[in-house]
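Remarks on the overall topology
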Amino acid sequence: MELKEYLIIIQKRLWIIVTITLVFSIISGLISFYVLDEVYQSDTSIFVGKSNNMQNDQMVYNDILIGNQLVKDYRELVKSRLITNIVIKRLNLPLNAKQLSRKLNVSLKNDTRFIEITAQDTDPVMAQKIANEIASVFKEKAVELIDVENVQIIDVAELPTEPIKPNRKLNIAIAAFIGLMVGIGLVFLIEYMDNTIKTVDDIKKYVDLPVIGTIIQFPD
């Protein structure tokens, strides 16, 4: 099929494409605004290093190794029952350790000795409290359990003012794109399944017979 034929097919059933796109967009908007909960995120930064008598170059090298090699250990420690249960008890959270761990994330900041702990919750105040309490308990337990002697909280968690999700504009845009693709696919499927002859060109194309004449349909 030539490009012109594709455009004619789309134009002929454009209302189907528009309708499906609008339906997908409206459904996504309704879900994003009225079904999905707003989630807030608060983060805190922690410096993890060593305080010993090694030469400066060797000390920096070892500190960097700690940040690169043990970030997975930090992540597991932050999400462990040891820390989460303490935080749950201190904040009197209606959660178990597994549920709280899902709200947490630990990441290394640009290959430095700083790690970032983030907490998410539908309540912005609670997200801030969880992040700060997790950092506090981590500072206490890291010195005991991991071979580090210098753990400092650099940035305390602040109260988030805007939710990080749902991203309503992005959700609607993605839904509209999917609806557009579904609509176009459906239009071409209908066209493919339609084997009726409607025009002179259809006769030439499908039957390969010469057209002697046409009968004009007059209005009633």
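Residues numbered from 1 in each chain as written. Predicted model: local features only at pLDDT ≥ 70, side-chain atom pairs only at ≥ 80, totals over all residues. Heavy atoms only, no water.

Description of the side chain of Glu133
With respect to the helices and strands, Glu133 occurs in helix α7 (residues 124-145). Accessibility expressed as a relative area gives 17% for Glu133, which makes it buried. If near-sequence neighbours (up to four positions away) are discounted, Glu133 is found in contact with Val87, Arg90 and Leu91. (Helix = DSSP H or I, 4+ residues; strand = E, 2+ residues; numbered from the N terminus. Buried < 20%, exposed > 50% of the residue type's maximum accessible area, 1.4 Å probe, protein only. Contact = heavy atoms within 4.5 Å.)

As for the packing of helix α2 (residues 14-34) against helix α8 (residues 168-193)
Two elements in contact, α2 and α8, have axes separated by 7 Å at closest approach and are oriented at 150 degrees. Considered as vectors, α2 and α8 are oriented roughly antiparallel to each other. You can see that α2 and α8 cross each other, and the crossing is right-handed. In terms of residue class, the contact of α2 with α8 is built from 15 nonpolar, 8 polar and 1 charged. (Axes fitted to C-alpha atoms, helices over the stretch in contact; angles between N-to-C directions. Parallel < 35°, antiparallel > 145°, perpendicular 65-115°, else oblique. Left-handed = near helix turned anticlockwise from the far one by under 90°. Nonpolar A, V, L, I, M, F, W, Y, C, P; charged D, E, K, R; others polar.)

Here we look at the packing of aromatic side chains
Considering all chains together, one arrives at 3 aromatic pairs under this definition. Note that Arg168 overlies the ring of Phe33, its terminal NZ or CZ placed 4.6 Å from the centroid. (Phe/Tyr/Trp six-rings, centres within 6.5 Å; stacked < 30°, edge-to-face > 60°. Lys NZ or Arg CZ within 6 Å of the ring centre and 35° of its normal.)

Things to note about the nonpolar core
Taken as a class, soluble globular proteins show a tendency for nonpolar side chains to be buried jointly. Counting residues in each nonpolar core, the largest one holds 25 residues, and the members touching the most others are Ile46, Ile134 and Phe138. Of all the secondary structure elements, the ones that give two or more residues to this core are β1 (40-49), α4 (71-78), α5 (81-91), β2 (104-108), β3 (114-121) and α7. Among the elements that line this core, the one with the most residues is α7, at 7 residues. If near-sequence neighbours (up to four positions away) are discounted, Ile134 is found in contact with Val78, Ile83, Val87, Leu104 and Ile117. The next biggest cluster of nonpolar side chains, apart from the first, holds 5 residues, and it includes Ile9, Ile17, Ile20 and Val187. (Core = buried A, V, L, I, M, F, W, Y, C linked by side-chain atoms within 4.5 Å.)

As for the sheet that holds β1
Strand pairing in a sheet relies on backbone hydrogen bonds. The paired strands run either parallel or antiparallel. Pairing within the open sheet is antiparallel, and its 4 strands lie in the order β2-β3-β1-β4. What marks the edges here is a single partner per strand, and that holds for β2 and β4 (150-155). The mean inter-strand angle of the sheet, taken between neighbouring strand axes irrespective of direction, is 25 degrees. Alignment of β2 against β3, held across 5 bridges, turns out to be antiparallel. Across the sheet, the residue bridging to Ser107 is Glu116, located in β3. (Pairing = 2+ DSSP bridges.)

Considering the packing of helix α1 (residues 3-12) against α8
For the pair α1 and α8, the least separation of the axes is 10 Å and the interaxial angle reads 105 degrees. Classified by the interaxial angle, the pair formed by α1 and α8 is roughly perpendicular. Every residue of α8 that contacts α1 at Tyr6, Ile9, Ile10 and Lys12 is listed here: Val187, Phe188 and Glu191. A per-class count over the contact of α1 with α8 returns 5 nonpolar, no polar and 2 charged.

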